[in-house]
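Each chain, written out:
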Amino acid sequence: MENKKTVKVLIAKPGLDGHDRGAKVVAQALKEAGMEVVYSGLHRTIDQIVNIAVQEDVDVIGLSIMTGAHIPITQKLFQKIKQKGIVDKMVFVGGVIPSKDVPTLKELGVAGVFPGGTPLAETIQFLQSISKKG
Amino acid sequence: MAVARYIKDEKDQILDVILESGIHVKPLYSPKDLEAIGFSYEKDVADPGEYPYTRGIHALGYRSRAWTTRQYTGFGTPEETNERFKLMISHGQTGLNVAFDLPTQMGYDSDDPMSEGEIGRVGMAVDTLKDFEIAFKDIRLDKIGSGLTINAVASIMLAMYQAVAEKYGYDPKVISATPQNDILKEMIGRGAWIFPVEPAVKLIGDTIEYSMTVLPRTNPVSVCGYHIRESGATPAQEIACAILIANAYIDNVLARGYDVDAFVGRFSFNLNVFGNMWEQVAKFRAARKLWARNLKEKYNVKKPQNLFLRGLFGGGGYGLTKAQPENNIMRGAYYALVAALSGAQTTALCSYDEAFTIPTPHSALLSLRTLQLLMDEMGLRDTVDPLAGSYFIETITKEMEQKIEEEMDKIEKFGGIIKGVSEGYIQRLVARQAFEVEKGLESGELQKVGVNIYKEGESMEVELHEYNWESAEKQIESLRGVKRERSEKDVARSLKELESAARDGKNVMPSLVECCKAYASVGEMAGIFRQIFGEFNEPSLF
């Protein structure tokens, strides 16, 4: 049996939007599924989010975006991730995401996209599969 | 999202129904139920227009006046918003409800780095008075009232509204603005807060105090149970929080030495309509009664019309689903029916595509038509409070009253709403419930059409409202233009006055109006508040 490491996830709310019901629900679900969860709180800049990710040494960064600005925000995150040399961190995105934008997000390097209405089990399973790979 | 929990036997017979607020619904109600709760027509409901106003605040209900329709509108540049306002008015909409973009709501100018990618995205961008001049051009501000959906910087936007009205030649005494202006609910849900609790509540007190004399037709605060419910609260908690929040604002103004009757009559409420329909009707009826009693008994309010719970009952955003989005059109119709059966003064509906995007003109119009159908075609204006006297409705209205009081007691026991919000007690409670609802949906204990039952069928993509990068550029250009043309001397002087008013704890409204008239920007005014008040420190939840 391999040693199973607990996945540590940062749930982050980038930008000015304050709709955090979804982010908080996902945070609680991941916690209950046995993961370690850090919640960024509201109104975080990408710099702040990347700094938290480094300080807390998380494995995964989850962005919750409801405003429609998911593509520019995600682009910015990946620029910063490269700058900081933390390309090993996995990124997933949730929120109000139209399906036509999913391929663009994936091209940017997002490992999983979970629009509103995705069953929690799906997100949990996705993150657990990462821990097995790791 | 889901409406109630159903306990069934193996033959799909319903054994018990548990409403979100914890009320058990019985299979049958009869006069015995009214007897059991000690129902008294005079004491518990009374005629519409009579204390405790359970049946409504106006004797004739919608016979004397249909509800005001106020679809939430605004995006892109002020020009685009003005166009959409006019479109909605031309289709019979009777009030405006202005959506602001996030930078404006958060007190940043369009040229601030924090605003990048968000300019005009979820509402209209407002940097200076010039934007309001464009947005409200050719709109009769003496005839049509405007909801201003903004909170942390509501004081600034109310000042801006007065400034634009004066610019167009209206006496401030005739204009009617309803800034949302409820910061405590932003801290519980929605999240567009900036300043710490104490100065943020003080700013709200300033707008109430100022409106008493300068803007007498304005409703300076719209207390929103709405977003607390959206964030996970039960209907009973929604009302409990709303009443306690309203009391916190009353207390702030009372401490300035005013008589409660001088201002509380202008308070309004914004409450949610999704959920089990009977529970919502009971909620609104109980809320009117409890608000009136709260004002009479706790605050000794004298004038009957000051005891009215006036409100926008509508929205229903959390009830709508991304799955099978056209179902949201039908949901919206039922939500509107609930609002009408509950005696809403003002209403608005979330549009069916709002789980995807901001509404297109088509979907916004469908919502407006839904509302108009009820009043003008289906007979909802015929008679006031048509459900009154139903054994069932009167019983659960009374039960709802008790549930709301229990929730109020819980918060008071913790130390009150201000402490509850400052320390995250309410936020934790609400987040926990949101999680429980999700779990209920996943286990199937809660049912939602298209989500966990009746999932068959084509999923559809809706037409998306595209973000316009050119509009954003145009907005930044326009701000630069204003900055080139305005008198820097006047701006500096008015901002300096604002700074000393804020520092000395004076009412900031007169200085804000001067700043707006000098074309100081929202970012400049909010920047002064940021510097003096600091920012809210979000309590940690997990």
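Computed from a predicted model, the values in this text were never measured in an experiment.

Asks: It is not clear to me how the overall build of chain A should be interpreted in this structure. Could you clarify?
Replies: Broken down by element type, chain A carries five helices and five strands. Going residue by residue from the N terminus, the α and β elements of chain A occur as β-α-β-α-β-α-β-α-β-α. Taken against the 2.2 N^0.38 rule, which gives 14 Å for 134 residues, the C-alpha radius of gyration of chain A at 14 Å falls within 12% of a compact globule. Its C-alpha atoms put chain A at 45 × 35 × 25 Å along the principal axes. Evaluated residue by residue, chain A yields a buried proportion of 49% over its 134 residues. Within chain A, residue pairs in contact and separated by at least 24 positions form 72% of the contacts whose partners lie at least 6 positions apart.

Asks: Whenever I open this one, the overall build of chain B confuses me. Can you help?
Replies: Looking only at helices and strands, one finds 20 helices and twelve strands in chain B. Compactness check: chain B gives a C-alpha radius of gyration of 23 Å against a globular reference of 24 Å for 542 residues, within 12% of the reference. Sorting the 542 residues of chain B into buried and exposed places 54% on the buried side. Across chain B, contacts joining residues at least 24 apart in sequence account for 76% of those joining residues at least 6 apart.

Asks: What is the right way to look at the confidence of the model for chain B in this model?
Replies: Low-pLDDT portions of the prediction should not be read for the details of their coordinates. Residues of chain B with pLDDT of at least 70 account for 100%, and the chain-wide mean is 95. With pTM at 0.95, the complex prediction returns an ipTM value of 0.91.

Asks: Help me understand the interface of chain A and chain B, please; the structure alone is not making it clear to me.
Replies: It is common to give the size of an interface as the accessible area that goes away when the parts come together. The interface of chain A with chain B comprises 31 residues on the first partner and 33 residues on the second. When contributions to the side of chain A that touches chain B are tallied by element, the ones reaching two or more residues are α1 (21–32), β2 (36–39), α3 (70–84) and α5 (120–133) of chain A. For the side of chain A that touches chain B, the element with the most residues is α1(A), which contributes seven residues. Within the side of chain A that touches chain B, the residues separate by chemical class into 16 nonpolar, ten polar and five charged.

Asks: How should helix α17 (residues 469–485) of chain B be read in this particular structure?
Replies: Along an α-helix, a turn takes 3.6 residues, which lines up residues three or four apart on a common side. All names here are of chain B. The end-to-end C-alpha distance of α17, which contains 17 residues, comes to 25 Å, matching closely the 24 Å that a straight helix rising 1.5 Å per residue would cover. When α17 is considered as a whole, its buried residues turn out to be Ala472, Gln475, Ser478 and Leu479. Taken down its axis, α17 places every buried residue within 120° of arc, on the same side. Away from its buried face by more than 90 degrees, α17 exposes Trp469, Glu470, Glu473, Glu477, Gly481, Arg484 and Glu485. Along its buried surface, α17 packs onto α5 (129–135).

Asks: Just checking my understanding: could you explain the environment of Glu79(B) for this structure?
Replies: Residues and elements named next belong to chain B. With respect to the secondary-structure elements, Glu79 resides in helix α3 (residues 78–90). Glu79 sits in the partly exposed class, given 17 other C-beta atoms within 10 Å. Sequence-wise, Glu79 and Gly314 are 235 residues apart; in three dimensions their C-alpha atoms are separated by 27 Å.

Asks: Just to check I follow, could you spell out the packing of helix α6 (residues 154–167) of chain B against helix α19 (residues 509–517) of chain B for this structure?
Replies: To describe two helices that pack against each other, one gives the angle between their axes and the distance between the axes. All names here are of chain B. Where α6 meets α19, the closest approach of the two axes is 8 Å, and the angle between their N-to-C directions is 60°. When the interaxial angle is binned, α6 and α19 end up oblique. At the point where α6 passes α19, the crossing takes the right-handed sense. Residue-level inspection shows Ser155, Ile156, Ala159, Met160, Gln162 and Ala163 of α6 in contact with α19, the latter providing Met509, Leu512, Val513, Cys516 and Lys517. Counted by class, the contact of α6 with α19 contains eight nonpolar, two polar and one charged residues.

Asks: Help me understand the pairing of β2(A), please; the structure alone is not making it clear to me.
Replies: Regular strands have side chains that alternate between both faces of the sheet. Residues and elements named next belong to chain A. Where burial is concerned, the two faces of β2 differ: the one with Val37 and Tyr39 is buried and the one with Glu36 and Val38 is not. Two strands pair when backbone bridges link them, and strand β1 (residues 8–12) and β2 are joined in this way by four bridges, in the parallel orientation. Paired with Val9 across the two strands is Val37, which belongs to β2. A crossover links β1 with its parallel partner β2, the connecting element being α1, and its sense is right-handed.

Asks: What is the right way to look at the sheet that holds strand β1 (residues 4–8) of chain B in this model?
Replies: The pairing of strands in a sheet comes from backbone hydrogen bonds and takes either a parallel or an antiparallel form. All names here are of chain B. With antiparallel pairing, the three strands of this open sheet are ordered in space as β1-β2-β3. In the strand order of this sheet, the two ends are held by β1 and β3 (24–25), each with one partner. The pairing of β1 with strand β2 (residues 14–19) spans five bridges and is classified as antiparallel. The residue bridging Arg5 from the neighbouring strand is Ile18, located in β2.

Asks: Would you explain the environment of Gly191(B) in this entry?
Replies: Along the chain, the position of Gly191(B) falls in the loop between α7 (183–188) and α8 (197–214). Each C-alpha atom of the pair Gly191(B) and Ala152(B) lies 9.8 Å from the other, and the pair is 39 residues apart in sequence. Excluding anything up to four places from it in sequence, Gly191(B) contacts Gly18(A), His19(A), Asp20(A), Leu42(A) and Glu186(B).

Asks: Is there a simple way to think about the pairing of strand β11 (residues 311–314) of chain B in this case?
Replies: All names here are of chain B. Here β11 shows two buried faces, one formed by Gly311 and Phe313 and the other by Leu312 and Gly314. Pairing analysis gives four bridges linking strand β10 (residues 268–272) to β11, with the strands arranged parallel. Directly across from Asn270, in β11, lies its bridge partner Leu312. Once the chain exits β10 it traverses helix α11 (residues 277–299) before rejoining the sheet at β11, and the crossover so formed is right-handed.

Asks: Before we go on, may I ask you to explain the environment of Thr104(A) in this structure?
Replies: Inspection of the secondary structure puts Thr104(A) in helix α4 (residues 102–108). In the structure, Thr104(A) is positioned 45 residues away from Asp59(A) in sequence and 23 Å away in space, judged by C-alpha atoms.

Asks: I tried to follow the packing of α11(B) against helix α14 (residues 391–414) of chain B on my own but got confused; where do I start?
Replies: Residues and elements named next belong to chain B. Between α11 and α14, the least distance of the axes is 8 Å, while the angle of their chain directions is 60°. If you check the angle between α11 and α14, you find them oblique. Considering only the axes of α11 and α14, their crossing is right-handed. Within the contact between the two elements, α11 uses Trp278, Val281, Ala282, Lys283, Arg285, Ala286, Lys289 and Leu290 and α14 uses Phe392, Ile393, Ile396, Thr397, Met400, Glu401 and Ile404. Its residues placed into classes, the contact of α11 with α14 shows ten nonpolar, one polar and four charged.

What counts as what
- Residues numbered from 1 in each chain as written.
- Chains lettered and ligands numbered in written order.
- Predicted model: local features only at pLDDT ≥ 70, side-chain atom pairs only at ≥ 80, totals over all residues.
- Helix = DSSP H or I, 4+ residues; strand = E, 2+ residues; numbered from the N terminus.
- Rg over C-alpha atoms; globule rule 2.2 N^0.38 Å.
- Buried ≥ 20, exposed ≤ 12 C-beta atoms within 10 Å, placed from the backbone.
- Contact = placed C-beta atoms within 7 Å.
- pLDDT = per-residue confidence, 0-100.
- Nonpolar A, V, L, I, M, F, W, Y, C, P; charged D, E, K, R; others polar.
- Expected span 1.5 Å × (residues − 1).
- Arc of directions from axis to C-beta.
- Axes fitted to C-alpha atoms, helices over the stretch in contact; angles between N-to-C directions.
- Parallel < 35°, antiparallel > 145°, perpendicular 65-115°, else oblique.
- Left-handed = near helix turned anticlockwise from the far one by under 90°.
- Pairing = 2+ DSSP bridges.
- Right-handed = clockwise from strand over helix to strand, strands pointing away.

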